[in-house]
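The residues making up each chain are set out below.
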2 protein chains.
Amino acid sequence: MKILITGGGGFLGFKLAGALLARGRLNGQAISGITLLDGAFALDAARVAANDSRFHAVIGDVSDPDVLARVCRPDTAAVFHLAAVVSGAAEAHFDLGMRVNLEGTRQLLDQVRKGGRSPRLVFASSVAAFGGELPAVLDDSTIANPQTSYGTQKVIGEYLLADYTRKGFLDGRALRLPTIVVRAGKPNAAASSFASGIIREPLNGEVSRCPVGPETGVWLLSPRRVVEGFIRACELPAAAWGSRRVVNLPGITAKVAEIVEAMRKVAGTRAAKRVVYKPDARIQAIVKTWPVRLRTPRALEMGFKPDADVETVIREYIADEKIKID
Amino acid sequence: MKILITGGGGFLGFKLAGALLARGRLNGQAISGITLLDGAFALDAARVAANDSRFHAVIGDVSDPDVLARVCRPDTAAVFHLAAVVSGAAEAHFDLGMRVNLEGTRQLLDQVRKGGRSPRLVFASSVAAFGGELPAVLDDSTIANPQTSYGTQKVIGEYLLADYTRKGFLDGRALRLPTIVVRAGKPNAAASSFASGIIREPLNGEVSRCPVGPETGVWLLSPRRVVEGFIRACELPAAAWGSRRVVNLPGITAKVAEIVEAMRKVAGTRAAKRVVYKPDARIQAIVKTWPVRLRTPRALEMGFKPDADVETVIREYIADEKIKID
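Since this is a predicted model, take the numbers as computed values, not measurements. (Residues numbered from 1 in each chain as written. Chains lettered and ligands numbered in written order. Predicted model: local features only at pLDDT ≥ 70, side-chain atom pairs only at ≥ 80, totals over all residues.)

## Looking at the relation of the copies chain A and chain B
Okay, step 1: When chain A is fitted onto chain B, the two copies agree to an RMSD of 0.0 Å after a turn of 180 degrees and an axial shift of 0.0 Å. In the structure described here, the two chain copies are related by an operation that fits a two-fold rotation axis.
Okay, step 2: When the interface residues of chain A are mapped onto chain B, 100% of them again fall at the interface, so both copies present the same face. (Least-squares fit on C-alpha atoms with pLDDT ≥ 70 in both. Contact = placed C-beta atoms within 7 Å.)

Okay, here's the thing in structure tokens:
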């Protein structure tokens, strides 16, 4: 079977591609090739992709119908749609976010529909779907009320996915992702970038400037768990989803101060002291609209798993990225 | 002040235009002109519009940016966005519905944004936002889960409206309309067309073929109340809306058999006997996904009003449309 991953040159997309190849199979079929579509590829992803004939890396814009026609073929049996302009960038560049996150998603769904084979399509939505006047603990009955353009575009993508699924054009499944911690690589324009930065930079011997205060809570999930979640979302039978094709993934809640403390336990006081607080009103304004605590019985029943605790998340990051602690 | 009504050549849009001119004022300002945009105009609307210099009728497609640039000017101080491909047609013609109902709405919002004056914009959404596994009585906390493309496009319009409002591009207010009863004129391609047809056609001495059974429930609102609702939605201060820019309008619940009985009381047995049941599986499949019973405390607190009962709705229709009962 052939797989398409949009955003396949990014951190999560490329991790997902690696995990899929390591398994060798998806939905009971052998994987014969994975097309990775992205606007740009990280160097290591580009190198790995170039040296493995099962990968087909394509540089292009997910909102360009010609690009989509090239990467999404009738024999594409599963699609993972991760490509997006991230939250901070979609907020600062409204038209760019609408074009890539809204029109890009619609173009992709239309291209999949043209193939006429109704493949499974897993969509990376976000906990940024929630906002406004929120209960202390959200649950599966909480209405999406995004307070960012990114969150709005993700919610719209969920509703499009549901309707294309209902019409039989594809078999869609949407996951609302917590903040992913720890992302490897460089800080990005996501407003949530700090949540990885306060672990990643100190472990690299660098200072991390945290734009939010130590009491700020984060609803988080590790790269390992979210990759497992993407694959599970694709393999679950349609009946497991019922009449709604979106689910809030499980996560754990941690304050920034608790994350720093976990890092001190794992990597020592010197690393923990490399986190300095540099308040940034623009980032705080976005982050404060995100939920911190959720009950996710639907996801747990469907077999999606949270992480054990923040220390484990940090240890797995150190192992996965082969970090040397000084 | 200048007003734009999309769908202004249609039944509700033109009634709204008449009510606005009769008031003479909106949001504390004198109304100097109303632009009516529609793909086609009913004959009576065209005649009235042609004979009143305060009306400016434009025939065009709401998803055409050039048309929108003509009708939506910087001095447009209020917009009522009613234009839509109706439910049955959007279900049968998927691409048409997506173009007009989704892209048309986005184009309109973008055109309003270009004006740079953040006018009030009232959006006609629909109770078709709801569907799937529903509680017996819905309320303001029920998650939108549309089971038609029309409902999906309306929900997406609500989320776009909210984000454009949050960004300060406009001041949006969305109303989820019940089924409007009694619509004057001809049956249309809306799956809900029967709910007016079983009153209107018998009063005209014609047989009405009802595609759903007598036990089918309808959540309904009269044209008078919905026109009042549009105006109220525009005049309420922004603070009355809070962090959500959408509200479920109040309505009343009536079974088809109860509507027929109310008509018998108002217009006699002969009229009531002109309703014949002709089951239509396609219409039933759409209608059965719609909610029948809602609690609407938010709307009631905001001053939106339901009708007294079905008999009153029928009597008002007879008065408004100058129907002669045989």
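## Description of the pairing of strand E8 (residues 171-177) of chain A
All names here are of chain A.
Okay, step 1: Burial within E8 is extensive, with 7 of its 7 residues counted as buried.
Okay, step 2: What you see with E8 is no split at all: Asp171, Arg173, Leu175 and Leu177 on one side and Gly172, Ala174 and Arg176 on the other are buried throughout.
Okay, step 3: Pairing of strand E7 (residues 120-126) with E8, which is carried by 7 bridges, proceeds in the parallel orientation. Paired with Ser126 across the bridge in E8 is Leu177.
Okay, step 4: Here E8 pairs with strand E12 (residues 246-248) via 3 bridges, running parallel. Along E12, the bridge assignment pairs Arg176 with Asn248. (Buried ≥ 20, exposed ≤ 12 C-beta atoms within 10 Å, placed from the backbone. Helix = DSSP H or I, 4+ residues; strand = E, 2+ residues; numbered from the N terminus. Pairing = 2+ DSSP bridges.)

## Regarding the confidence of the model for chain A
Okay, step 1: Per-residue confidence for chain A gives a mean pLDDT of 95, with 100% of residues at or over 70.
Okay, step 2: Interface predicted TM-score (ipTM) for the complex: 0.95; the corresponding pTM is 0.96. (pLDDT = per-residue confidence, 0-100.)

## Here's the deal with the sheet that holds strand E9 (residues 179-180) of chain A
Residue and element names in this part refer to chain A.
Okay, step 1: Pairing is mixed in the open sheet, where 3 strands are placed in the order E9-E11-E13. Of all the strands in the sheet, the pair left with one neighbour each is E9 and strand E13 (252-255).
Okay, step 2: Summarising the sheet, strand E11 (residues 217-221) and E13 pair through 4 bridges and their orientation is antiparallel. Along E13, the bridge assignment pairs Leu220 with Ile252.

## Side note on unusual backbone geometry
With the exception of glycine, most residues fall at negative phi, and the peptide bonds are largely trans.
Okay, step 1: Note that the residue after Val181 of chain A, namely Val182 of chain A, is joined by a cis bond; omega there is 10 degrees.
Okay, step 2: If you trace the backbone, Val182 of chain A turns up in the loop between E9 and helix H7 (193-203).
Okay, step 3: If you check the backbone angles, Ser118 of chain A has positive phi at about 50 degrees while not being a glycine.
Okay, step 4: Mapped onto the elements of the fold, Ser118 of chain A is located in the loop between helix H5 (94-115) and E7.
Okay, step 5: Judged by C-beta crowding, with 16 C-beta atoms within 10 Å, Ser118 of chain A ranks as partly exposed.
Okay, step 6: A positive phi angle, near 55 degrees, is found at Lys322 of chain B, a position not held by glycine.
Okay, step 7: Inspection of the secondary structure puts Lys322 of chain B in the segment after helix H13 (310-320).
Okay, step 8: Lys322 of chain B sits in the exposed class, given 6 other C-beta atoms within 10 Å.

## A short note on the interface of chain A and chain B
Okay, step 1: On the chain B side, the residues contacting the 19 residues of chain A number 19 residues.
Okay, step 2: A total of 8 residues in the side of chain A that touches chain B trace back to one element, the largest contributor, which is helix H6 (residues 149-166) of chain A.
Okay, step 3: Partitioning the side of chain A that touches chain B into residue classes produces 6 nonpolar, 8 polar and 5 charged. (Nonpolar A, V, L, I, M, F, W, Y, C, P; charged D, E, K, R; others polar.)

## Notes on the sheet that holds strand E1 (residues 2-6) of chain B
Residues and elements named next belong to chain B.
Okay, step 1: Pairing is parallel across the open sheet formed by 7 strands, whose spatial order is E5-E4-E1-E6-E7-E8-E12. Where the open sheet ends on each side, the last strands, each with one partner, are strand E5 (55-59) and strand E12 (246-248). Strand-to-strand twist in this sheet, taken as the mean axis angle between neighbours without regard to direction, amounts to 15 degrees.
Okay, step 2: By the bridge criterion, 5 bridges tie E1 to strand E4 (residues 33-38) in an arrangement that is parallel. Within the sheet, the bridge partner assigned to Leu4 lies in E4 and is Thr35.
Okay, step 3: Each of E1, strand E6 (76-81) and strand E7 (120-126) is contacted by helix H5 (residues 94-115), which is oriented at about 170 degrees to E6, the strand it contacts most. (Axes fitted to C-alpha atoms, helices over the stretch in contact; angles between N-to-C directions.)

## A few points about the packing of H5 of chain B against helix H6 (residues 149-166) of chain B
Residue and element names in this part refer to chain B.
Okay, step 1: Put simply, H5 and H6 touch, their axes get as near as 10 Å, and they point 15 degrees apart. In terms of axis orientation, H5 runs roughly parallel to H6. Read as a crossing pair, H5 and H6 show a hand that is right-handed. Seen from H5, the contacting residues are Phe94, Gly97, Met98, Asn101, Leu102, Thr105, Arg106, Leu109 and Arg113; seen from H6, they are Ser149, Tyr150, Gln153, Ile156, Gly157, Leu160, Leu161 and Tyr164.
Okay, step 2: Its residues assigned to classes, the contact of H5 with H6 shows 9 nonpolar, 6 polar and 2 charged. (Parallel < 35°, antiparallel > 145°, perpendicular 65-115°, else oblique. Left-handed = near helix turned anticlockwise from the far one by under 90°.)

## Here's the deal with the environment of Tyr164 of chain B
All names here are of chain B.
Okay, step 1: Note that Tyr164 resides in helix H6.
Okay, step 2: For Tyr164, a count of 24 C-beta atoms within 10 Å corresponds to the buried category.
Okay, step 3: With sequence-adjacent residues up to four places away left out, Tyr164 is seen in contact with Leu109, Arg113, Phe169, Leu170 and Gly172.

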